[in-house]
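# An overview of the molecular structure
The lines below spell out each chain.
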Amino acid sequence: MIFLANLINGESTAPASGSYLDNINPATGEVYSKIPDSDERDVNAAVDAARKAFPTWSGLPKEKRSALLLNLSSLIEKNLERLALAESNDQGKPLWLSRSVDIPRAVSNFQFYATAALHAHTEAHAMEQTAINYTLRTPIGVAGCISPWNLPLYLFTWKIAPALAAGCTVVAKPSEITPMTAYLLGELSIEAGLPPGVLNIVHGLGPKVGMSIVSHPTIPAISFTGGTKTGAVITQTAGPMFKKLSLELGGKNPTIIFADADFDKTVQTAVRSAFSNQGEICLCGSRILIERPLYERFKNAFVEEVKKLRVGDPLEEKNWLGAIASEQHFQKILSYIELAKTEGGILLCGGKAVQPEGRCANGYFIEPTVFEGLSYDCRTNQEEIFGPVVTLQPFDAEDDVIRYANSTEYGLACSLWTSDLSRAHRMAGQLEFGIVWINCWLLRDLRTPFGGMKNSGVGREGGFEALNFFTEERNVCIRI
Ligand code: TXE
């Protein structure tokens, strides 16, 4: 049995409580490791270490910080296979996916911010003969980073990398559902030469450890990725403390397909967008809206492709979907499948839990599931399911599909498929989503602003937005 530890002040540290939580492999349903059941005492120790390390770390020349973060990036790359296997065992995603997407993206996150920090610049404003203004940015202090279970190392590093590159020290909490790669990252950060206290990782439950980070009086900025409800709870605590908040929350993303789209490419990408990572990506396209003349042809081709997707042991290359991340989420998704039926949905394929033979017989597996015949404003089409369940719906006019797409409380991402690019540009400005992909999905340039509108979040990650989030800015005005 592996017992994980917190990383505090450069040391592997047991929880002050001395107690541990079970960590389950979702593909087998078995407890395979234990994580610290940390509490406020552990968070306070981590914050003390981060505060002590801050003056030296923020005072380092940016080139030195950059070199250390590039060390860490190359160590992640060197340990790719070990980290990919750990990620799949912990989260349930197929090994080929963690090997090709999750871990390489963690490498890129550190590479990107280690170099972006070398090119960060600010503005000056000359007042003719009177004065010169310049914007002075300085690292904000100890940053609190809290991440979810769907893309564990990918999103954990997406926060930590810009915070460290900006000169902040960090107290980070991974999800208690997927703690393993965060634990391994902590070990690699010491090997990479990060000084003690620069990166601190505290494991444990959200309301206990996460809330201790959010409410800590000497953490001025919180970067959070997770559910919208949790984002609201965090805001209630951090708001009155006037902390800087970056919130990446839920989504209920539409895939909009016009009859003039490139048919084969649209079908293939719509399948990938619907079911990648078992549909557990906040950017997945779960509401597929098809222009009526194309509806039947698309439906038949889409369902035929979905039926080819194999579900099972994440360690077997042939499986396209692995296990759902936790028993609780598994039950939540099954409840939404029942809801869709009661709301009048017609099941076109899937709809059932899967019990593979052998080692995964007790794991959490669900068939890729497709419904049609539901209204755009029913609960199934309005609420985030965050699993392998999608709906198909025809539309007639452009105005109708914009109304349907914008009808939910979320506004994270949308993909739009048409060969009429003037229509694409016209609609992009009317679609209320932080990301609008046209004839593509999940095509990502790390320089671009990433995040959502409405209940999908506040602020943007990515590019210099994330670096600037972890700084305070002053306007310095000097009379000439
Ligand atoms: O979120 P939770 P989950 C969304 C996705 C889905 C959810 C899945 O759409 O809704 O996140 O992640 C900690 N105070 N996105 O279920 O429960 C918790 O321990 C402080 C959107 O994990 O909110 C975990 O570490 N912390 C995103 C983290 O918060 C608390 C991309 C997230 O947990 C807490 C990925 C509390 N009271 C997922 N309660 C995007 N938009 O990019 C829990 N936590």
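Residues numbered from 1 in each chain as written. Predicted model: local features only at pLDDT ≥ 70, side-chain atom pairs only at ≥ 80, totals over all residues. Heavy atoms only, no water.

### As for unusual backbone geometry
Not every positive phi belongs to a glycine, and Glu-128 is a case in point at roughly 45°. With respect to the helices and strands, the residue Glu-128 is situated in the loop between strand 6 (124–127) and strand 7 (131–139). In this structure, Lys-454 is a non-glycine residue whose phi angle is positive, near 50°. One can find Lys-454 in strand 23 (residues 453–454). (Helix = DSSP H or I, 4+ residues; strand = E, 2+ residues; numbered from the N terminus.)

### A few points about the sheet that holds strand 18 (residues 369–372)
Reading across from one edge, 15-18-19-14-13-21-22 is the order of the seven strands in this open sheet, with mixed pairing throughout. Of all the strands in the sheet, the pair left with one neighbour each is strand 15 (346–349) and strand 22 (435–438). Direction aside, neighbouring strands of the sheet carry axes that sit 25° apart on average. Bridge count between strand 13 (residues 253–257) and strand 21 (residues 413–417): three bridges; the pairing is parallel. Considered in strand 21, the bridge of Ile-257 is made with Trp-417. In the packing of helix 10 (residues 295–307) onto the sheet, contacts are made with strand 13, strand 14 (285–291), strand 15, strand 18 and strand 19 (389–395), and the angle to strand 19 comes to roughly 165°. (Pairing = 2+ DSSP bridges. Axes fitted to C-alpha atoms, helices over the stretch in contact; angles between N-to-C directions. Contact = heavy atoms within 4.5 Å.)

### What about the site of the ligand?
Surveying the vicinity of the ligand reveals 29 residues, the closest of which are Ser-147, Glu-176, Thr-230, Leu-249 and Glu-384. Here Gly-226 contributes a backbone N or O atom positioned 3.2 Å from an oxygen atom of the ligand. Separating an oxygen atom of the ligand from a backbone N or O atom of Gly-227 is a distance of 2.9 Å. Compared with its free state, where it exposes 830 Å², the ligand has 89% of that area covered by protein. If you list the elements that add at least two residues to the shell around the ligand, you get helix 7 (206–215), strand 11 (221–225) and helix 8 (228–238). Here the shell around the ligand gets four residues from one element, more than from any other, and that element is helix 7. Counting contributing residues per domain, the shell around the ligand is built from domain 1 (2–249 + 456–479) and domain 2 (253–445), each supplying no fewer than three. (Near = heavy atom within 4 Å. Polar contact = N/O pair within 3.5 Å; in protein donor to acceptor, adjacent residues only side chain to side chain. Areas by Shrake-Rupley, 256 points an atom, 1.4 Å probe, with all protein chains shown as cover. Domains from an automatic or database assignment.)

### Remarks on the nonpolar core
Of all hydrophobic cores here, the largest spans 76 residues; its most connected members are Ile-76 and Leu-283. Structurally, this core is a two-domain feature, drawing no fewer than three residues from each of domain 1 (2–249 + 456–479) and domain 2 (253–445). The residues touching Leu-283, leaving out its near neighbours within four places in the chain, are Asn-253, Leu-412, Ala-413, Ile-435, Trp-437, Trp-441, Leu-442 and Phe-450. Ranked by size, the runner-up nonpolar core spans 29 residues in total, among them Ala-27, Val-271, Tyr-295 and Val-390. (Core = buried A, V, L, I, M, F, W, Y, C linked by side-chain atoms within 4.5 Å. Buried < 20%, exposed > 50% of the residue type's maximum accessible area, 1.4 Å probe, protein only.)

### Examining helix 9 (residues 263–275)
The terminal C-alpha atoms of helix 9 lie 19 Å apart, and with 13 residues this matches the ideal 18 Å at 1.5 Å per residue to within 8%. On its buried face, helix 9 is in contact with strand 13, strand 14, helix 10, strand 18, strand 19 and strand 21. (Expected span 1.5 Å × (residues − 1).)

### Topic: the pattern of salt bridges
Tallying each qualifying case throughout the model produces 24 salt bridges. Linking Glu-338 and Lys-341 is a salt bridge whose minimum nitrogen-to-oxygen distance equals 3.2 Å. Taken together, the residues Glu-338 and Lys-341, both in helix 11 (residues 327–342) and three residues apart, mark about one turn of the helix. Classification of Lys-341 as partly exposed rests on a relative accessible area of 37%. A salt bridge links Asp-445 to Arg-447; its shortest N-O distance comes to 2.5 Å. You can call Asp-445 partly exposed: its relative accessible area is 29%. (Salt bridge = Lys/Arg side-chain N within 4 Å of Asp/Glu carboxyl O.)

### Notes on the sheet that holds strand 7
The strands making up a sheet associate through backbone hydrogen bonding, with each pair oriented either parallel or antiparallel. Across the sheet, which stays open at both edges, the three strands sit in the order 6-7-25 with antiparallel pairing between neighbours. The outermost strands of the open sheet, each flanked by one partner alone, are strand 6 and strand 25 (471–479). When the angles between neighbouring strand axes are averaged without regard to direction, this sheet yields 20°. Summarising the sheet, strand 7 and strand 25 pair through nine bridges and their orientation is antiparallel. What sits directly across from Tyr-134, in strand 25, is Val-476.

### Quick word on the packing of helix 7 against helix 8
One way to put it is that helix 7 packs onto helix 8 with a least axis distance of 9 Å and a crossing angle of 35°. Handedness of the helix 7/helix 8 crossing: right-handed. Contact with helix 7, carried on its side by Met-211, Val-214 and Ser-215, involves Val-233, Ile-234, Thr-237 and Ala-238 of helix 8 and no other residues of that element. (Left-handed = near helix turned anticlockwise from the far one by under 90°.)

### Observations regarding the domain arrangement of the protein
With domains assigned, the protein is organised as domain 1 (2–249 + 456–479) and domain 2 (253–445). Once you take the C-alpha centre of each, domain 1 and domain 2 turn out to be 30 Å apart. Contact residues are listed per partner, giving 27 residues for domain 1 and 30 residues for domain 2. Together, the buried faces of domain 1 and domain 2 total about 2,300 Å²; carbon and sulfur atoms form 55% of this surface. There are one salt bridge connecting domain 1 and domain 2. Summed over the shared surface of domain 1 and domain 2, the number is eleven residue pairs in polar contact (both at pLDDT 80 or more). Counting only elements with at least two residues in the side of domain 1 that touches domain 2, the list comes to strand 4 (20–25), helix 3 (80–91) and helix 4 (95–119). At five residues, helix 4 tops the list of elements feeding residues into the side of domain 1 that touches domain 2. A per-class count over the side of domain 1 that touches domain 2 returns 13 nonpolar, ten polar and four charged. (Buried area = accessible area lost by both parts, 1.4 Å probe. Nonpolar A, V, L, I, M, F, W, Y, C, P; charged D, E, K, R; others polar.)

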